[in-house]
Amino acid sequence: MYLSRFLSLHALWVTVSSMMQHYPSVWGHYDVCKTQIYTEEGKVWDYMACQPEARDMIKYVKVTLDPPDITCGDPPETFCAMGNPYMCNNECDASTQELAHPPELMFDLEGRHPSTFWQSTTWKEYPKPLHVNITLSWNKTIELTDNIVITFESGRPDQMILEKSLDYGRTWQPYQYYATDCLDAFHMDPKSVRDLSQHTVLEIICTEEYSTGYMTNSKIIHFEIKDRFAFFAGPRLHNMASLYGQLDTTKKLRDFFTITDLRIRLLRPATGEIYVDEQHLARYFYAISDIRVYGRCKCNLHATGCKEENKRLLCECEHNTTGPDCGKCKKNYQGRPWSPGSYLPIPKGTANICIPSISSIGNPPKFDRIWPNISSLEVSKPNQANVCDNELLHCQNGGTCINNVRCQCPPAYTGILCEKLKCERDPGGCGQNSGRGAISHGSLVLLTALLGLCIC
């Protein structure tokens, strides 16, 4: 009896596990682009919205500094210790590995001792401002999924702006202002993300939370992505369905978390005081030991993979799409205008696949119109590719269209659109005048591959 019960439970678990492989959890992981399902008409493709996993995007970043000679060490110079600003016998020397602080040390592995970091020159030209722009570029559209975290080895700057670009650095817009005195620095009242709401989540704020002088336990600056997600998904991000729904229907919200480049504008180093000590300018500089940016390649919900090729990230596009962001339909798949995938309905979304151009499979010119909108939420099977249609893609030679999925052909004909004579399969072939106007074998094979169907 126990064995029988165990076997029954095991069978149930196998069945549930099999179903879960094809249907993401209720929140929608979107980690599968398509799967084969069985219907009354046979095996067909079921297409779903899909996206790559989030990853550490710093692995693929290119960094540039402006001015380019702002890194310390050329010529060598001394600077004051981090913990004791009056011990000014530390040296930065670009020609000596142990004393150099190049930009790539902002992105190396942490946890080593002594810590590694990039460092600017000191404020030796005071009162001229010590300004530094650090630009992080991916040459790819990125969707942020976690907080941006910058760890300073020096004191956190008195004034800083984090900026983003959506057009590969051609134009910039602020993400957040940071200052010890927001009103004085940027003419803005200080706020924190906790002061925002769903309606003001896109507001650009100035915060004083992260701008302090020399404090050993206060080196980190955040740009809070998750706190903004929480306005829609709840404090612990349990209700991701709500967030996905908002991202899907509010373009400005989705664009807010999308970037191609980030720029850190360092405007005033940490002084820890109201006045700058002009006798000890070696106390003032910028030093960053770590930058973290987590996100995923933006693939418009048409890919689960993103690969690096020729030092550039590219989506591994599905749904018959192509381009760095899967932003257009492949050649011969332009049967209707390209559209991004949709997170809705949860949990599988809508794939909005590109469908074959009518002319590419040999139909007469009069049918060279877009195919029915196979991803419309009004249809019963929104993600299954239509094979036939009573108005546009007629079954040929007297065939009957069954649920837009297959053609029921007369006895003498076969093929996806009943376009082929059965006698062509026979060794003797057909008569000289048989099969006139049928689709070529090459086009038929192409169509079969496109729709994932068999020739019956």
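Please refer to the structure higher up on the page.
One structure accompanies this document, and this report is about it. (Residues numbered from 1 in each chain as written. Predicted model: local features only at pLDDT ≥ 70, side-chain atom pairs only at ≥ 80, totals over all residues. Heavy atoms only, no water.)

Next up on the list: unusual backbone geometry. In the segment running from Asp66 into Pro67, the intervening peptide bond is cis, with an omega of 0°. Structurally, the position occupied by Pro67 is in the loop between β4 (62-66) and β5 (77-79). Note the cis peptide between Ile346 and Pro347, where omega equals 10°. Locating Pro347 in the fold gives a position in the loop between β20 (328-329) and β21 (400-402). You will see that His187, though not glycine, has its phi angle at about 60°, which is positive. The phi angle at Leu237 is positive, at roughly 55°, despite the residue not being glycine. Take Leu237: it is sitting in the loop between α3 (225-233) and α4 (240-249). Look at Leu237 and you get partly exposed, because its relative accessible area is 21%. (Helix = DSSP H or I, 4+ residues; strand = E, 2+ residues; numbered from the N terminus. Buried < 20%, exposed > 50% of the residue type's maximum accessible area, 1.4 Å probe, protein only.)

Moving on: the nonpolar core. Across soluble globular proteins, you tend to see nonpolar side chains buried next to one another. Formed by 59 residues in total, the largest nonpolar core has its most connected members in Trp118, Ile134, Trp138, Leu262, Leu266, Ile291 and Val293. Here this core gets six residues from one element, more than from any other, and that element is strand β8 (residues 132-144). Among residues more than four places away in sequence, those in contact with Leu266 are Trp118, Leu130, His131, Val132, Ile134, Phe152, Pro157, Gln159, Met160 and Tyr286. By size, the runner-up hydrophobic cluster in this structure holds eight residues, among which are Ala179, Cys182, Phe186 and Met188. (Core = buried A, V, L, I, M, F, W, Y, C linked by side-chain atoms within 4.5 Å. Contact = heavy atoms within 4.5 Å.)

Attention shifts here to the state of the cysteines. All chains considered together, the criterion is met by eight disulfides. Bridging Cys297 to Cys306, the disulfide has an S-S length of 2.0 Å. The sign of the S-S torsion, about -75°, decides the handedness of the disulfide formed by Cys297 and Cys306: left-handed. Look at Cys297 and you get buried, because its relative accessible area is 1%. Looking at Cys306, the relative accessible area reads 7%, which means it is buried. (Disulfide = S-S within 2.5 Å.)

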